[in-house]
Amino acid sequence: MGFRLPGIRRASFVATQAASKSVEVPKGYIAVYIGEEMKRFMVPISYLNHSSFQELLSQAEEEFGYDHPMGGLTIPCREQVFLDVISSLNRQ
């Protein structure tokens, strides 16, 4: 479930391997896990205030409550949906 926003642009977030949980999150970023493969992304905390990102956070709350098994924020959406949301935020 999710929504799609048109266009993709170079993103200002960092994607890492889920297995590399020991990689520190830079100041001003938050680690999130996306999709069935639980791919790890680090996104700027400023994105948390945007309505499109808050929509993803609402999905996470419905699915997991406040218990996120990966140790970071887990968002239950397809990776492409997440990338579309992040791309739209990068354009703003």
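Residues numbered from 1 in each chain as written. Predicted model: local features only at pLDDT ≥ 70, side-chain atom pairs only at ≥ 80, totals over all residues. Heavy atoms only, no water.

Asks: Help me out: how do you make sense of the environment of Val 81 in this one?
Replies: By the secondary structure assignment, Val 81 is in helix α2 (residues 79-91). Val 81 sits in the buried class, given a relative accessible area of 2%. C-alpha of Val 81 to C-alpha of Leu 56: the two residues are 25 residues apart in sequence and 9.5 Å apart in space. (Helix = DSSP H or I, 4+ residues; strand = E, 2+ residues; numbered from the N terminus. Buried < 20%, exposed > 50% of the residue type's maximum accessible area, 1.4 Å probe, protein only.)

Asks: Hey, could you run me through α2 in this one?
Replies: An α-helical turn contains 3.6 residues, so a residue and the one three or four places further along point in the same direction. Under the 1.5 Å per step criterion, the end-to-end length of α2 is 19 Å for 13 residues, consistent within 8% with the ideal 18 Å. Within α2, 10 of the 13 residues are buried, which leaves it mostly tucked inside the rest of the structure. Along α2, the residues classified as buried are Val 81, Phe 82, Leu 83, Asp 84, Val 85, Ile 86, Ser 87, Ser 88, Leu 89 and Asn 90. (Expected span 1.5 Å × (residues − 1).)

Asks: I keep staring at the pattern of salt bridges and nothing clicks. Help me out?
Replies: Two side chains carrying opposite charge are able to pair once their charged atoms lie near each other. Applying the stated criterion across every chain, the model contains 1 salt bridge. Here Glu 79 makes a salt bridge to Lys 39, at a shortest N to O gap of 3.3 Å. Of this pair, Glu 79 sits in helix α2 while Lys 39 is found in strand β3 (residues 39-44), placing the two residues 40 residues apart along the sequence. A residue is classified by how much of its surface remains accessible, and Lys 39, at 29% relative accessible area, is partly exposed. (Salt bridge = Lys/Arg side-chain N within 4 Å of Asp/Glu carboxyl O.)

Asks: What exactly am I supposed to notice about helix α1 (residues 51-64) here?
Replies: Between its first and last C-alpha atoms α1 spans 20 Å; for 14 residues at 1.5 Å apiece the expected length is 20 Å, and the two agree. All buried positions along α1 are accounted for by Ser 52, Phe 53, Leu 56, Gln 59 and Ala 60. What you see down the axis of α1 is that its buried residues fit within an arc of 110°, all on one side. Of the residues in α1, the exposed ones pointing more than 90 degrees away from the buried face are Ser 51 and Glu 62. Residues of α1 that are buried sit in contact with β3, β4 (73-75) and α2. Just downstream of α1, Gly 65 is the residue with a positive phi angle, here 65°. (Arc of directions from axis to C-beta. Contact = heavy atoms within 4.5 Å.)

Asks: How should I be thinking about the environment of Ala 31 in this particular structure?
Replies: Relative to the assigned elements, Ala 31 resides in strand β2 (residues 29-34). As for Ala 31 and Val 43, which are separated by 12 residues in sequence, their C-alpha atoms are 6.6 Å apart. Apart from the residues within four sequence positions on either side, Ala 31 is in contact with Val 25, Arg 40, Phe 41, Met 42, Gly 72 and Leu 73.

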